[in-house]
Every structure is written in C-alpha cells, then in structure tokens.
Amino acid sequence: METIFVKEYEQPRKWYVIDAAGKPLGRVAAKAAAIVRGKNKVTFTKNQNMGDYVVIINADKVALTGGKETKKIYYHHTGFVGGLRAQTYEKLIEKHPTDPLKKAVAGMLPNGRLGRALLDNVKIYVGSDHPHVAQNPQPLEV
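Described below are features of the structure shown in this document. In this numbering scheme, every chain counts its residues from 1 along its sequence in written order. Totals for whole chains, interfaces and linings use every residue, but because this is a predicted model, local features are given only for residues with pLDDT of at least 70 and side-chain atom pairs only at 80 or more, for both listing and counting. Side-chain measures were taken over the full set of non-hydrogen atoms in the model, leaving aside hydrogen atoms and water.

### Let's talk about the overall build of the protein chain
(1) Moving on: Each helix is a run of DSSP H or I of at least 4 residues and each strand a run of E of at least 2, with the numbering of both proceeding from the N terminus. Tallying secondary structure elements over the protein chain gives five helices and six strands in all.
(2) Moving on: Overall, the protein chain shows an N-to-C arrangement of helices and strands of β-α-β-α-β-β-α-α-α-β-β.
(3) Moving on: By definition in these notes, contact holds between two residues if any of their heavy atoms fall within 4.5 Å. By sequence separation, contacts in the protein chain at least 24 residues apart represent 67% of the contacts at least 6 residues apart.
(4) Moving on: Of the accessible surface of the protein chain, which amounts to about 9100 Å², a share of 53% is contributed by carbon and sulfur atoms.
(5) Moving on: Computing the positive centroid from 22 side-chain charges and the negative centroid from 13, the protein chain places the two 6 Å apart. Residue exposure ignores everything except the shown protein chains as possible cover, and the areas themselves are Shrake-Rupley values with a 1.4 Å probe. For the charge count, each Lys or Arg is scored as positive and each Asp or Glu as negative, with His and the chain ends excluded. Where a charge lies is defined by one atom per residue type: Lys uses NZ, Arg uses CZ, Asp uses CG and Glu uses CD.

So this is what it looks like as structure tokens:
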C-alpha cells in the first residue's frame, strides 16, 4: 500500500472563531493549538503547516482558576546581566490583554520555524469584533 502525501498548498483551509469569554485559559489555548496544528484532520503531518486559521475573540475575559490572577507570574529576560523581569497575570492583562493567551498557545506549538509559522495562523482580539468576517469563520465550542 502506498502512503499518500498531501502538499501544504493542496490542503483546503478553514477559519474558526473561538469566544474565550468565561472559558479557562488552558482549554482555549489547547483547542486553538490543536486546530492550528491540523490535528483534527485526517491528513495531519507533524512537519507541515496543514492546519486551519483560528480567531480568538474576548481574550481579555478569559478565566483563570485557583486564584492564578494574582499568583501566576510571567518571566522574560532582557538579555543583559541581571535582566530577569517578572510580571503577574493582572499586570500583564492590563498592559497587553492578548499576551497571556498568545503565550499559552505558543507554548503548545512546536519550537522553531514551524511553530512560528503556525502562530501566525492564530488571530487574537480583545473585543468581540474582528476583521476576519469576510472569511466566514465557523464558531467553535470549547
């Protein structure tokens, strides 16, 4: 039996929209990462960008459980000596409301060139309006 290899440009792509209001951060990110990766398709190939596009709306209203609003800390390093910076979820959501969801999805995608390309297929917005209405995204329940 011969294995069928589908090329990236031959694969039809769909658009999905996820409303993150009141939903747990990890579940929304896991669902978005699986769809973007293409794991819901029969033709899934781990080394190709075969996934669909995901639009996440109401990113600022995503829920955290167990008091993580004050306990969860995001770290980044400036690159200089002693440049480790820490920021709680509350402070991060005030300045950049889409960053916690973007970081969660990015952490569930592969590292490297493919992961960065896949992250471009995730569109995250603060309100319920998004500019991708023309693509006719299908609502996806989490």
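### Considerations on the pairing of strand 2 (residues 53–57)
(1) Moving on: Most of strand 2 is tucked away, with four of its five residues classed as buried.
(2) Moving on: Handedness of a crossover is defined as follows: orient the strands so they point away from the viewer, and if the path from the first strand over the helix to the second runs clockwise, the crossover is right-handed. In this fold, the crossover linking strand 1 (residues 15–19) to strand 2 by way of helix 1 (residues 25–37) has right-handed handedness.
(3) Moving on: Bridge count for strand 2 against strand 5 (residues 122–124) is three bridges, and the pairing is parallel. Across the sheet, V55 pairs through a bridge with K123, a residue of strand 5. Each residue's exposure class comes from its accessible area (1.4 Å probe, protein chains only) as a fraction of the maximum for that residue type: buried when under 20%, exposed when over 50%, partly exposed otherwise. At least two bridges found by DSSP between two strands are what make those strands a pair.

### Thoughts on helix 4 (residues 99–107)
(1) Moving on: When we look at burial in helix 4, the residues that qualify are P100, L101, A104 and V105. All buried residues of helix 4 project into a common sector of 130° when viewed along the axis, lining one side.
(2) Moving on: The inward-facing, buried residues of helix 4 abut helix 1, strand 2, strand 3 (73–77), helix 3 (89–95), helix 5 (113–119) and strand 5. By arc we mean the arc of the directions from the helix axis to the C-beta atoms, nothing more.

### Some remarks on a nonpolar patch on the surface
(1) Moving on: On the surface, I73, Y75 and L84 cluster together to form a nonpolar patch covering roughly 330 Å² of accessible area.
(2) Moving on: Along the chain, the position of I73 falls in strand 3.
(3) Moving on: Residue classification places I73 among the partly exposed positions, given a relative accessible area of 38%. To count toward a patch, a residue needs a relative accessible area above 30% and no salt bridge. Like charges then connect within 9 Å, nonpolar side chains (Val, Leu, Ile, Met, Phe, Trp, Tyr) within 5 Å. A pairing counts as a salt bridge when a side-chain nitrogen of Lys or Arg comes within 4 Å of a carboxyl oxygen of Asp or Glu.

### Section: unusual backbone geometry
For residues besides glycine, phi is generally negative; the peptide bonds are generally trans as well.
(1) Moving on: A positive phi angle, near 55°, is found at N58, a position not held by glycine.
(2) Moving on: Tracing the chain through its elements places N58 in the loop between strand 2 and helix 2 (68–71).
(3) Moving on: Take N58: its relative accessible area is 7%, and that puts it in the buried class.
(4) Moving on: The backbone of N136 shows a phi angle near 55°, a positive value even though the residue is not glycine.
(5) Moving on: As for its position among the elements, N136 is in the loop between strand 5 and strand 6 (138–139).

### Let's talk about the pairing of strand 4 (residues 84–88)
(1) Moving on: The pairing of strand 3 with strand 4 spans five bridges and is antiparallel. In the sheet register, H77 faces strand 4, and the bridge partner there is L84.
(2) Moving on: What sits between strand 3 and strand 4 in their antiparallel hairpin is a turn of six residues, with G79 showing a positive phi close to 105°.

### Concerning the packing of aromatic side chains
(1) Moving on: Centres within 6.5 Å are what make two rings of Phe, Tyr or Trp a pair, Trp counting through its six-membered ring; a difference in plane orientation under 30 degrees is then read as stacked, over 60 as edge-to-face, and the rest as tilted. Applying the stated criterion to the full structure yields one aromatic pair.
(2) Moving on: Measuring from ring centre to ring centre gives 4.5 Å for W15 and Y53, while their planes differ by 15°; the resulting arrangement is stacked. In this pair, W15 is assigned in strand 1 and Y53 in strand 2, connecting sequence segments 38 residues apart.
(3) Moving on: Criterion for a charge above a ring: Lys NZ or Arg CZ within 6 Å of the ring centre, and within 35 degrees of the ring normal. The ring of Y74 has K72 sitting right over it, with the charged end atom 5.1 Å from the ring centre.

So far we have only geometry, and geometry alone does not tell us how the molecule works.
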